[in-house]
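Remarks on the overall topology
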Amino acid sequence: MFGKKASAGGVVAVVDIESGSAGVAIVKTGGPGQVLAYAREHLSLEERAKESLRSAIIQALVAAGEKALTAHANNGGPKQLSACYCVIGAPWTSSFAGSARSKLEHPAVITDKQISALAKQALADQKDIDPANLLEANVSRVLLNGYPTSEPEGKRAQVIDVFTLTSGCDADLKSAAAESLAKLFPDADIVWRSSARATFSAVKQLDPVETCLVIDMGTEATDLIGLRKGMLEQRVLIEQGVRKVLATFAKDKPVEETIALIDMLEKDQCETDVCEALRQSIAKAEPELVHLFGEALAKLSATRKLPDELVLIAPPALAPWLSRFFARIDFTQFTATTKPFSVRIFSGAELPGIPHNDPSIFADPSICMACGLVNMELSR
């Protein structure tokens, strides 16, 4: 139920699949960890039907895998990998939280059997995912008498709370990915993980309180995740990502060109008429963007107001503008404090378990989170 586990200190493949790209890293786990090789393949920023997008993503996965393996071999790395961890994000996955509680008559020593029984109860109550599309089901947190613990077995408590994370996945994408990964890494066991789980792991390392709103903008979709004390409270998916957002800023122009111009604007390196036209276009398009995110935030805060701490995961060229957007726009009606969002741009450099001698990987927040998750799991 809770997935296989490779041994710490081994060399594993870490695969990250998002809405418009696929990345592959070869990682030596244990201790601080070490990324031995890495490659990511991005799709061209054009509109595609879902089937076409799925096929293109798998092609990107194969290309990135081949590049990473070639670089690994050229560096003299071992051919045999002990496992392949595949982390899949929006819009291909959906994740839901579950919980179960047991209140004993008297404080008693907690057993693994009790925790497992509560986990199964919490997972059995999860009806939002078709079992045929299940990607992962795991215990995300255990509280004893209201306090979190990573090792509950053998401790005394009267109240046990078990929280679970269940994720489903696009069946066709998972099947195609499994076939490709089996060819790329024939000796490795494939372990499936969701981007939500990787996000939890990253936030836990960034913020001991683990209470924040996470906005993860990918190429074709944006994931909004409300976390409270390390547990998923709510999740909303917007089926618009970098491509559509930038297309509204500069209609009929290549999205790649718009990204480059925004990056130049952020660095005060663009004073041409084209840049001024883009500034005006962004100002005109902003109300539509406010409406788009306002609707999503309203859904997230329908049952409970959101924390004002916001962790932003976005392409480096767009992240500074988005950070100012979320901090400047009045979204205070959705926060518990009625204060504006305090935005923190996620950087993989902040995570332990990612080698600081390879700065190129820090421009890829998704693969950093995936590698951080795997190294954390295998270093326990």
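Since this is a predicted model, take the numbers as computed values, not measurements.

The next subject is helix α6 (residues 255-266). If you check α6, its first and last C-alpha atoms are 17 Å apart, about what twelve residues at 1.5 Å a residue would give, namely 16 Å. Contacts from the buried residues of α6 go to α5 (242-249) and α7 (273-300). At the C-terminal side of α6, D268 shows a positive phi close to 55°.

Another aspect to go through is the packing of aromatic side chains. According to the stated counting rule, one finds nine aromatic pairs in the structure shown. Between F249 and W321, the ring centres sit 5.3 Å apart and the planes meet at 70°, which makes this aromatic pair edge-to-face. A residue pair is termed long-range when its members are at least 10 positions apart, and F249 in helix α5 and W321 in helix α8 (residues 319-328) qualify at 72 residues. The interplanar angle of 50° and the centroid separation of 6.3 Å between the aromatic rings of F331 and F341 together place this pair among those described as tilted. Of this pair, F331 sits in the loop between α8 and β14 (342-345) while F341 sits in the loop between α8 and β14, and the two are ten residues apart along the sequence. You'll find F331 and F341 in the same group, each marked buried. Site record: aromatic cluster; members linked through ring pairs are F249, F293, W321, F325, F326, F331, F334 and F341.

In this section: helix α3 (residues 171-184). For an α-helix, 3.6 residues make a turn, and residues three or four places apart therefore share a direction. End to end, α3 covers 20 Å across 14 residues, agreeing with the expected 20 Å (1.5 Å per residue, within 8%). Among the residues making up α3, those that are buried are L173, A177, S180, L181 and L184. Buried residues of α3 fall within an arc of 100° about the axis and therefore sit on the same side. Where α3 begins, the side chain of D170 points an oxygen toward the backbone nitrogen of D172, at a separation of 3.1 Å.

Soluble, globular proteins show a tendency: their nonpolar side chains are buried together. F249, F293, L297, F326 and F331 are the most contacted members of the largest nonpolar core, which has 42 residues in total. Those elements giving two or more residues to this core turn out to be β10 (212-217), β12 (231-238), α5, α6, α7, β13 (309-313) and α8. Take this core: its biggest share by element is ten residues, from α7. Among all residues touching F326, those that are not within four sequence positions of it are I215, F293, L310, L312, F331, F341 and V343. Grouped together as the second largest cluster of nonpolar side chains are 35 residues, A25, I313, F346 and L378 included.

Conventions and cut-offs
Residues numbered from 1 in each chain as written. Predicted model: local features only at pLDDT ≥ 70, side-chain atom pairs only at ≥ 80, totals over all residues. Heavy atoms only, no water. Helix = DSSP H or I, 4+ residues; strand = E, 2+ residues; numbered from the N terminus. Expected span 1.5 Å × (residues − 1). Contact = heavy atoms within 4.5 Å. Phe/Tyr/Trp six-rings, centres within 6.5 Å; stacked < 30°, edge-to-face > 60°. Buried < 20%, exposed > 50% of the residue type's maximum accessible area, 1.4 Å probe, protein only. Arc of directions from axis to C-beta. Polar contact = N/O pair within 3.5 Å; in protein donor to acceptor, adjacent residues only side chain to side chain. Core = buried A, V, L, I, M, F, W, Y, C linked by side-chain atoms within 4.5 Å.

Coordinates in, geometry out; function isn't part of it.
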